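Spelled out, the chains give:
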Amino acid sequence: EVQAQNQEVIPELMATLGAYVCNLELPQLWVGPWPESLQCPACLPRLALAATHQLGPVAEWTQHHVHSLHVIVAGLELDSWRVLMNSPYKPLAALQPAAVRCLNASHLEVLSPEHISMIPTLSLQSLSSAQMEALSTEQLQAFNRTTRLSVPKNFLPVQKNVYYVAGTPSKASHRDFSSAFTIFVVAIVLRLCRSTTVVL
């Protein structure tokens with residue numbers, strides 16, 4: 001019915017149609033943020049194609065384009081993704097978390113450490129465990145530098161200031177614990193001294 005009426009697909013209508021939006025003609029496809037329930041739709045490549053039809057060649061996309069396209073950027077063909085990565089407009093700086101979550105292994109593989117450093121921290125932190133495991137050592141190092149976080153064992157959250165080296169707490173953690181214990185002992189001694197003074 002939407003196609004028959006040549007109706008424009010606005011976000012509200014898209015949320016109602018759900019995955020059926022993917023069956024619409026390219027000019028009618030919505031190229032913008034998608035509802036959370038429709039993240040990483042199977043028709044991402046088709047949506048990305050619609051974006052190029054509506055916005056022009058990927059080589060001309062700016063940070064504004066990438067930001068407004070939201071998750072659709074993840075649907076670019078690999079060659080177009082390479083063009084986007086190396087664009088002088090530095091569009092990766094506007095890559096949204098929703099898009100990063102939908103990047104496949106091929107898209108992640110071609111990211112250099114320099115490319116990773118361009119991606120916003122919040123977006124990088126949206127990478128799934130499976131995506132993180134697919135990163136190379138150099139890519140993980142770039143991820144750590146950019147997010148200023150140490151990747152914990154098995155990529156699981158750990159207690160604050162506890163970092164893992166080969167699966168065990170690092171020496172830095174032991175130093176932090178020792179310092180805290182020393183402060184605790186000093187506080188007790190001072191309290192005892194004050195109590196003795198009051199009694200005298």
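These numbers come from a predicted model, not from an experiment.

Draft legend 1. Layout of the overall build of the protein chain. For the protein chain, the count of helices and strands is twelve helices and two strands. A burial count over the protein chain gives 36% of its 200 residues as buried. Restricting to contacts in the protein chain with at least 6 residues of sequence separation, those with at least 24 account for 53%. Total accessible area on the protein chain stands at roughly 12,400 Å², and carbon and sulfur atoms take up 58% of it.

Draft legend 2. Seen up close, empty space enclosed by the protein. Counting across every chain of the model gives one cavity of 30 Å³ or more. Each pocket or cavity is described by its volume, and for the largest cavity that value is around 50 Å³. Around the largest cavity, the lining residues are Val100, Leu103, Leu108, Leu111, Ile116, Ile119, Leu124, Leu127, Leu135, Gln139 and Phe143. Grouping the amino acids of the lining of the largest cavity by side-chain chemistry returns ten nonpolar, one polar and no charged.

Draft legend 3. Seen up close, the nonpolar core. Counting 36 residues, the largest nonpolar core has Val73, Leu76, Trp81, Leu84, Leu95, Leu111 and Leu127 as its most contacted members. Looking at this core, the elements that each hand over two or more residues are helix H3 (44-55), helix H4 (63-69), helix H5 (78-85), helix H6 (97-101) and helix H11 (137-147). No other element matches the four residues that H3 contributes to this core.

Draft legend 4. Quick look at the confidence of the model for the protein chain. Confidence along the protein chain averages 75 in pLDDT terms, with 55% of residues attaining 70 or more. Put simply, strand E1 (residues 164-165) is where the protein chain has its lowest mean pLDDT, 34, and H5 is where it has its highest, 98. For the stretch residues 1-10, pLDDT sits under 50, and the model shows 19 contacts to residues farther than four places along the chain or on other chains. Per-residue pLDDT stays below 50 along residues 150-173; that stretch engages in 24 contacts with residues further than four places along the chain or on separate chains.

Draft legend 5. Focus on the environment of serine 68. Turning to its location among the elements, serine 68 is positioned in helix H4. In sequence terms serine 68 and glutamine 96 are 28 residues apart; their C-alpha atoms lie 8.9 Å from each other.

Draft legend 6. Summary view of H5. What H5 keeps buried is the set Trp81, Leu84 and Met85. Burial along H5 is one-sided: seen end-on, the buried residues are contained in an arc of 100 degrees. Those residues of H5 hidden inside the fold are in contact with H4, helix H7 (105-109) and helix H8 (113-118).

Draft legend 7. Inspection of H11 at higher detail. Every buried residue belonging to H11 is among Gln139, Ala142, Phe143, Thr146 and Thr147, and all of these are buried. The buried residues of H11 occupy an angular sector of 115 degrees when the element is viewed end-on, so they sit on one face. Residues of H11 that are exposed and point more than 90 degrees away from the buried face comprise Thr137 and Arg145. Residues of H11 that are buried sit in contact with H7, H8, helix H9 (121-124) and helix H10 (129-134). After H11 finishes, the residue arginine 148 shows a positive phi value of roughly 60 degrees.

Draft legend 8. Looking closely at the environment of leucine 122. Mapped onto the secondary structure, leucine 122 falls in helix H9. Among the residues examined, leucine 122 registers a relative accessible area of 61% and is labelled exposed. In this structure the C-alpha to C-alpha distance between leucine 122 and proline 97, which are 25 residues apart in sequence, comes to 6.8 Å.

Draft legend 9. Broad picture of unusual backbone geometry. Although it is not a glycine, histidine 70 adopts a positive phi angle of roughly 60 degrees. As for its placement among the helices and strands, histidine 70 is situated in the loop between H4 and H5. The exposure class assigned to histidine 70 is buried, which follows from its relative accessible area of 15%. One non-glycine residue, lysine 90, lies in the positive phi region at around 50 degrees. Owing to a relative accessible area of 45%, lysine 90 belongs among the partly exposed residues under this scheme.

Rules used throughout
The written sequence of each chain sets the order in which its residues are numbered from 1. Reporting in this predicted model follows two pLDDT cut-offs: at least 70 for local features of residues, and 80 or more for side-chain atom pairs to be given and counted; totals over whole chains, interfaces and linings ignore these cut-offs and use all residues. In computing side-chain properties, one takes all heavy atoms of the structure into account and sets aside hydrogens as well as water. A run of H or I in DSSP becomes a helix once it reaches four residues, and a run of E becomes a strand once it reaches two; helices and strands are each numbered from the N terminus. Per-residue accessibility, obtained with a 1.4 Å probe over protein chains only, is compared with the maximum for each type, and a residue is labelled buried under 20%, exposed over 50%, and partly exposed between these values. Contacts are residue-level and defined by heavy atoms, with any inter-residue pair within 4.5 Å sufficient. A 1.4 Å probe and the Shrake-Rupley method give the accessible areas. Residues count as covered only by the protein chains that appear here. Computed over the protein atoms alone on a 1 Å grid, cavities are sets of points where a 1.4 Å probe fits but cannot get out and pockets are open sets with protein on both sides within 12 Å along at least five of seven lines; a residue lines them when it has an atom within 4 Å of a point. Grid points are joined across faces, edges and corners, and a volume is the space filled by probe spheres set on the points. Here the term charged refers only to Asp, Glu, Lys and Arg, the term nonpolar to Ala, Val, Leu, Ile, Met, Phe, Trp, Tyr, Cys and Pro, and the term polar to all other amino acids, Gly among them. Among buried residues, those of type Ala, Val, Leu, Ile, Met, Phe, Trp, Tyr and Cys that are joined through side-chain atoms within 4.5 Å constitute a nonpolar core. Along the chain, pLDDT gives the predictor's confidence residue by residue, from 0 to 100. Arc, as used here, means the arc of the directions from the helix axis to the C-beta atoms.

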